[in-house]
Amino acid sequence: MRRGALDFDDLVRGALSALETDPELCTRWRERCEALLVDEVQDVDRSQLRLALYLAAPGNRIFLVGDDDQTIYAWRLADVRRILDLASSLPGLRRVDLVTNYRCPSIVVDRAVRLVEHNSKRFAKTIRPRPSAPGRLFLLADPGDDVARARRLLRGWAVPDGETRAILARTNAELAPYAAVALETGTPYRAAEDGLLLDDPAIDEVLHVVSGAAGAAPLLEGLLRARASARTAHGVAAAALLAWAPPYGDAPALAAAVAETRARRAAIRRDDAPLLLATAHGTKGLEFDHVAVVGMDEGRFPSRRSVEESDNPERTLEGERRLAYVAWTRARRSLTLVYDPDAPSPFLEEAFSGAELRNG
């Protein structure tokens with residue numbers, strides 16, 4: 001603020017204020033917006049929608065394109081109720097449903113729709129696949145730990161050359177085992193964040209502190225002390241280093257191993273890699289030949305923490321369900337859902353029978 005800088009929200013507020021207080025400016029801009037199209041309208045916040053409707057008035061020649069079932073950015077103040085209530089702001093608004101999913105195999109459309117239909121806050125509509133929509137859906141029941149799951153998925157996932165793959169998780173942290181196995185197997189991948197913490201400067205700072213500790217305490221002891229006394233960021237870094245430390249005798253050896261791992265990752269983490277690691281939030285609007293949604297476990301997806309800490313748990317649960325719907329419908333040829341057969345996500349129980357989940 002001291003520098004006079006503006007963010008996007010400031011620009012929207014400033015535009016609204018200028019239009020509302022300057023009739024001449026308002027008239028000029030409304031004439032330039034004789035017909036207005038707003039795409040991805042489910043993602044707009046209150047101020048953005050207000051600006052669009054203000055510009056479209058009084059003729060209201062406005063065309064709004066969006067999908068209430070893909071309202072997943074609540075943290076950006078998107079609210080599905082805003083879309084459902086549009087008719088109250090625009091008398092005479094006509095809704096046209098685009099009912100055919102041209103991307104996904106029939107089985108994926110069927111189960112994704114079966115899931116999202118459990119939401120009460122949505123338009124009643126029919127969604128069907130395109131005629132003759134081949135493809136497969138795999139239920140991968142895997143009771144192993146995260147690294148074992150990652151090894152089984154990546155080593156057993158046979159994909160024809162030239163076809164794309166995506167591993168989608170609820171959080172960045174859940175991508176870490178898959179990035180680690182990709183490193184282990186030399187599998188090229190791309191990711192905005194891979195959950196490994198290798199780029200965190202706190203890693204180097206903790207190693208520096210442990211290396212210079214008086215008395216040259218053993219590596220594990222030094223890391224335990226660092227974790228106990230550190231600020232939050234350093235505590236997380238120390239915890240990560242504790243997991244990596246057992247094979248190494250001292251801090252310099254561990255630091256050398258971290259540097260070598262960073263170099264190997266740099267060699268395989270490429271923007272043109274056919275494998276993407278991403279969160280479900282990060283792939284809305286994208287599509288891939290083959291998609292695996294991992295961590296479809298009770299407490300993970302939906303996120304127990306998000307639901308329990310919410311002021312409105314039911315609304316948050318519906319948002320989590322829409323997020324799963326978005327993740328599942330990124331698939332063009334096949335969808336694989338990875339879960340613990342002893343504790344499957346309630347979303348799986350909504351979309352599949354108990355026998356299907358037991359048999360995998």
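Residues numbered from 1 in each chain as written. Predicted model: local features only at pLDDT ≥ 70, side-chain atom pairs only at ≥ 80, totals over all residues. Heavy atoms only, no water.

Caption draft 1: Region of the structure containing the pattern of salt bridges. Scanning the entire structure with this criterion turns up 35 salt bridges. In the salt-bridge network here, residues are joined through shared partners; they are Arg103, Glu163, Glu287, Asp289, Arg332 and Arg333. (Salt bridge = Lys/Arg side-chain N within 4 Å of Asp/Glu carboxyl O.)

Caption draft 2: Just the sheet that holds strand 8 (residues 288-293), in detail. The strand order across the open sheet formed by five strands is 5-9-8-6-7, and the pairing between neighbours is parallel. Either end of the sheet is taken by a strand with one partner, and the two such strands are strand 5 (136-141) and strand 7 (275-279). For this sheet the average axis-to-axis angle between neighbouring strands, irrespective of direction, equals 20°. When strand 8 meets strand 9 (residues 331-339), the two strands line up parallel, connected through five bridges. Across the sheet, the residue bridging to Ala292 is Thr336, located in strand 9. Running over the sheet, helix 6 (residues 106-116) touches strand 5 and strand 9 and is turned about 60° from strand 5. Relative to the sheet, helix 7 (residues 146-156) contacts strand 5, strand 6 (165-169), strand 7, strand 8 and strand 9, its axis offset from that of strand 6 by approximately 160°. (Pairing = 2+ DSSP bridges. Helix = DSSP H or I, 4+ residues; strand = E, 2+ residues; numbered from the N terminus. Axes fitted to C-alpha atoms, helices over the stretch in contact; angles between N-to-C directions. Contact = heavy atoms within 4.5 Å.)

Caption draft 3: Spotlight on the packing of aromatic side chains. Applying the stated criterion across every chain yields a total of two aromatic pairs. When the centroid spacing of 6.3 Å and the interplanar angle of 65° are considered together, the rings of Phe301 and Phe347 count as edge-to-face. Remark: Phe347 occurs in helix 15 (residues 346-351) and Phe301 occurs in the loop between strand 8 and helix 13 (304-308); sequence separation between them is 46 residues. For Phe347, a relative accessible area of 0% corresponds to the buried category. Judged by centre distance (6.1 Å) and plane angle (50°), the ring pair of Trp328 and Phe352 falls under tilted. Highlighted residues: Trp328 in helix 14 (residues 313-328) and Phe352 in the loop between helix 15 and helix 16 (354-359), separated in sequence by 24 residues. For Trp328, a relative accessible area of 0% corresponds to the buried category. Geometry around Trp29 places Arg32 over its ring, the cationic atom sitting 4.4 Å from the centre. Its end group placed over the ring of Tyr73, Arg76 keeps NZ or CZ at 4.2 Å from the ring centre. (Phe/Tyr/Trp six-rings, centres within 6.5 Å; stacked < 30°, edge-to-face > 60°. Buried < 20%, exposed > 50% of the residue type's maximum accessible area, 1.4 Å probe, protein only. Lys NZ or Arg CZ within 6 Å of the ring centre and 35° of its normal.)

In short, shape yes, function no, at least from these values alone.
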